[in-house]
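Tertiary structure, described
Here is what each chain is made of, one letter per residue.
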Amino acid sequence: MQHLESARFSKIDRRMNGITSHRVFEVKGNDLVIAVPSVLSKDGKISFRMFDTSGIKQGDYVDFCFAYTVTNGRANSYQAQFLGITPSGFEPENGQAFTN
């Protein structure tokens, strides 16, 4: 985890480690709903149960590291690691919901 934490602050390290930024659609208590690619969800969002969502609000961008397998164009399983709020300057451009 420590390696990924430090990798969040360099564009090259983010790309090499698969760190992506995702818009927060909703925060309800400890549930966080974020934007994701259609390979992970038909409606483009996934809900995560978090230990602590304090400091995260709708419209923020958060960093995740996803690992998944794809069959017939859809992820059949995935793992996600929350890394924190996206550092300034790494949010998606042009209003995109997430980075690739």
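The coordinates are above.
Residues numbered from 1 in each chain as written. Predicted model: local features only at pLDDT ≥ 70, side-chain atom pairs only at ≥ 80, totals over all residues. Heavy atoms only, no water.

**Quick notes on unusual backbone geometry**
Rule in force here: Under the DSSP-based scheme used, a helix requires at least four consecutive residues in state H or I and a strand at least two consecutive residues in state E, with every element numbered from the N terminus. Each residue's exposure class comes from its accessible area (1.4 Å probe, protein chains only) as a fraction of the maximum for that residue type: buried when under 20%, exposed when over 50%, partly exposed otherwise.
Phi is positive for N72, which is not a glycine, with a value near 55°. Note on placement: N72 falls in the loop between β4 (61-71) and β5 (74-85). Even without a glycine there, the phi angle at N94 is positive, about 55°. The topology assignment puts N94 in the segment after β5. Its relative accessible area of 78% is what places N94 among the exposed residues.

**Description of the pairing of β4**
In regular strands, side chains alternate between the two faces of the sheet. Threshold: Two strands form a pair only when DSSP identifies at least two bridges running between them.
Summarising the sheet, strand β1 (residues 19-28) and β4 pair through five bridges and their orientation is antiparallel. Paired with S21 across the bridge in β4 is D63. Both β4 and β5 contribute to a ladder of ten bridges, which runs antiparallel. If you follow C65 over to β5, its bridge partner there is Q81. Remark: two residues form the turn of the hairpin made by β4 and β5, two consecutive strands paired antiparallel; N72 in that turn has positive phi of roughly 55°.

**Description of the pairing of strand β3 (residues 45-49)**
Along β3, the buried face is formed by I46 and F48; none of K45, S47 and R49, which line the opposite face, is buried. Across five bridges, the pairing between strand β2 (residues 31-35) and β3 is antiparallel. Its bridge partner lying in β3, V33 is registered against S47.

**Notes on the layout of surface pockets**
Keep this limit in mind: Think of a 1 Å grid over just the protein atoms. A cavity is a set of points where a 1.4 Å probe fits yet cannot get out, a pocket is an open set with protein on both sides within 12 Å along at least five of seven lines, and lining residues have an atom within 4 Å of a point. Grid points are joined across faces, edges and corners, and a volume is the space filled by probe spheres set on the points. Each residue gets one label: Ala, Val, Leu, Ile, Met, Phe, Trp, Tyr, Cys and Pro are nonpolar, Asp, Glu, Lys and Arg are charged, and the others, such as Gly, are polar.
When its volume is computed, the largest pocket comes out at roughly 430 Å³. Taken together, 14 residues form the lining of the largest pocket, with K11, R15, F90, T99 and N100 sitting closest to its centre. Listing elements by their share of the lining of the largest pocket, those giving two or more residues are α2 (11-16) and β1. Counting residues per element, the lining of the largest pocket draws most heavily on α2, which supplies three residues. Broken down by class, the residue content of the lining of the largest pocket amounts to three nonpolar, six polar and five charged.

**Thoughts on the nonpolar core**
Cut-off, in case you're wondering: By nonpolar core we mean a set of buried residues, namely Ala, Val, Leu, Ile, Met, Phe, Trp, Tyr and Cys, connected to one another through side-chain atoms within 4.5 Å. Contacts between residues were defined by any pair of non-hydrogen atoms, one from each residue, lying within 4.5 Å.
Ranked by size, the top nonpolar core spans 13 residues in total, and within it I34, F48 and F66 carry the most contacts. In this structure F48 touches N30, D31, L32, I34, F64, F66, Y78 and A80, once residues within four positions along its chain are discounted.

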